[in-house]
Amino acid sequence: MPMPSTDIRILVVDDMSTMRRIIKTILNQLGYSNIDEAENGKQALAKLKKERFDFVITDWNMPEMDGLELVKAIRADEELKTLPVLMVTAEAKKENVMEALKAGVNNYIVKPFTPEILKEKMEKIFR
Amino acid sequence: MKELESIIKELIENVRELEQVIEGIKKPVSESSQLLPETTRNIEDVMLFLEQTSHSIMNLLEIINKNSEIIKKDVEFLLSLNPISKVKQKLESIKEKNNENINILLELYTHMSFHDLAGQQLKLVLQVLEKLKNSLLDIIVSQVTAGRDLKEEEVSGIKGKVSELLSKERVDQKDVDKLLEEFGL
């Protein structure tokens with residue numbers, strides 16, 4: 001399955017600075033370098049409305065605006081509603097996955113994850 | 001005279017009751033006002049320490065990763081010079097081991113998410129502490145307001161004052177006395 005072009009612009013949203021760094025490093029290893037970051041959903045939404053992004057990777061539990069609210073806001077926005085969103089979270093219960101899917105995430109990864117898993121999910125989202 | 005005596009007796013009994021209420025409140029208020037914020041601060045310190053250490057480890061991993069990339073390029077360059085078979089064999093081995101190291105580094109990176117997972121558990125502990133603080137607050141307020149005909153605003157005022165006290169890092173006896181004075185105790 002082909003991976004999305006390495007030119008795509010990715011927004012990584014997580015309140016933990018270490019987690020943002022881990023995701024960015026893994027993305028770099030996969031060949032992606034056009035990456036920006038946000039600390040919570042509110043900050044992410046402001047960036048998404050201001051700049052163009054092709055893909056969002058977001059955590060669930062964050063202060064101010066969590067990942068679920070962010071996904072709902074993206075899906076409710078005419079300009080952003082088709083933006084692919086991957087949720088990377090520690091929430092591993094079946095109902096959490098269902099809730100996220102209902103809100104409109106394109107795929108779901110449970111932390112901790114390997115680069116292979118991220119690659120596989122990205123391939124599925126962009127196929 | 002007997003009437004006065006019974007009034008005085010009743011007054012003494014009331015004072016004693018109030019003294020017990022004061023003593024009952026003073027201890028949990030002063031103890032909790034020290035323990036809860038102290039524990040919260042300790043947990044926040046652990047979270048900060050975890051974050052700083054994780055970044056330090058990742059800085060080192062990045063240096064190792066950069067070195068591995070340099071080794072990879074250099075080995076490829078040396079292989080492109082068509083060395084003699086024995087040297088070529090050794091270079092191929094170095095290349096293989098170096099690639100192995102790069103993969104291990106990436107794996108180490110993913111394990112660094114322990115910080116995030118531990119942090120989330122610690123956040124849950126902080127939430128429990130906050131709940132404990134509120135439960136304690138309710139107990140203290142109900143103790144203070146028991147048997148008194150207070151309006152809702154007065155009860156919420158008392159709750160606010162006790163909460164203020166519980167969120168302070170440390171309180172001394174003066175703070176507790178001032179608070180009790182405000183309650184009319």
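Below you will find a few notes about this structure. No experiment lies behind these values; they were computed from the predicted model shown.

What counts as what
- For every chain, the first residue of its written sequence is number 1, and the numbers climb from 1 along that sequence.
- As a convention, the first chain written is A and the first ligand written is 1, with the rest following in written order.
- It should be noted that, the model being predicted, local features are given only for residues of pLDDT at least 70 and side-chain atom pairs only at 80 or more, the latter also being counted only at that level, while totals for whole chains, interfaces and linings use all residues.
- The basis for every side-chain value is the complete set of non-hydrogen atoms in the structure, without hydrogens or water.
- Patch membership needs two things, relative accessible area over 30% and no salt bridge, and members are linked within 9 Å if like-charged or within 5 Å if nonpolar (Val, Leu, Ile, Met, Phe, Trp, Tyr).
- Note on areas: these come from Shrake-Rupley sampling with a 1.4 Å probe, and a residue is covered only by the protein chains present in the view.
- Here, a salt bridge means any side-chain nitrogen of Lys or Arg that lies within 4 Å of a carboxyl oxygen of Asp or Glu.
- Only DSSP runs of H or I covering at least 4 residues are called helices, and only runs of E covering at least 2 are called strands; the numbering of each starts at the N terminus.
- Buried, partly exposed and exposed residues are distinguished by accessible area as a fraction of the type maximum, computed with a 1.4 Å probe on protein chains only: under 20%, between the cut-offs, and over 50%, respectively.
- Here, two residues are considered to be in contact whenever any of their heavy atoms come within 4.5 Å of each other.
- When two components associate, each loses some accessible surface as probed by a 1.4 Å sphere; the sum of these losses over both components is called the buried area.
- Each polar contact in these results corresponds to two N or O atoms within 3.5 Å; when the atoms are within protein, one needs to be able to donate a hydrogen and the other to accept it, and residues that are neighboring in sequence are counted only if both atoms are side-chain atoms.
- The nonpolar class holds Ala, Val, Leu, Ile, Met, Phe, Trp, Tyr, Cys and Pro. Asp, Glu, Lys and Arg form the charged class, and all remaining residues, Gly among them, are polar.
- The set of buried Ala, Val, Leu, Ile, Met, Phe, Trp, Tyr and Cys residues whose side-chain atoms join them within 4.5 Å is what this entry labels a nonpolar core.

### Considering a nonpolar patch on the surface
Residue and element names in this part refer to chain B. On the surface, Phe-77, Leu-78 and Leu-81 cluster together into a nonpolar patch covering about 300 Å² of accessible area. Relative to the assigned elements, Leu-78 resides in helix α1 (residues 2–80). On the basis of relative accessible area, Leu-78 is assigned to the partly exposed category, the value being 38%.

### Some points on the interface of chain B and chain A
At the interface, 19 residues of chain B touch 19 residues of chain A. Both faces considered, chain B and chain A share a buried interface measuring about 1,700 Å² in area, 59% of it formed by carbon and sulfur atoms. Contact with chain A buries surface across chain B, with B:Leu106, B:Thr110 and B:Asp116 losing the most and accounting together for 30% of the total. Our count for the contact surface shared by chain B and chain A stands at three salt bridges. At the surface where chain B touches chain A, the tally comes to eight residue pairs in polar contact (both at pLDDT 80 or more). Among the elements that make up the side of chain B that touches chain A, the one with the highest residue count is α1(B) (seven residues). Grouping the amino acids of the side of chain B that touches chain A by side-chain chemistry returns six nonpolar, nine polar and four charged.

### Comments concerning the side chain of B:Ser68
All names here are of chain B. When you line up the elements, Ser-68 lands in helix α1. For Ser-68, a relative accessible area of 5% translates into the label buried. What Ser-68 contacts, discounting residues up to four positions off in sequence, is Asn-98, Ile-102 and Leu-105.

### Let's talk about the nonpolar core
Judged by nonpolar contacts, the single largest core of 25 residues is most densely connected at A:Ile10, A:Leu27, A:Ile57 and A:Leu118. Those elements that place two or more of their residues in this core are β1 (10–13), α1 (17–29), β3 (55–58), β4 (85–89) and α5 (115–126) of chain A together with α1 and α2 (85–111) of chain B. Here this core takes five residues from α1(A), the largest share from any one element. If you look at the next biggest cluster of nonpolar residues, it comprises 23 residues, including A:Leu11, A:Leu45, A:Ile74 and A:Ala100.

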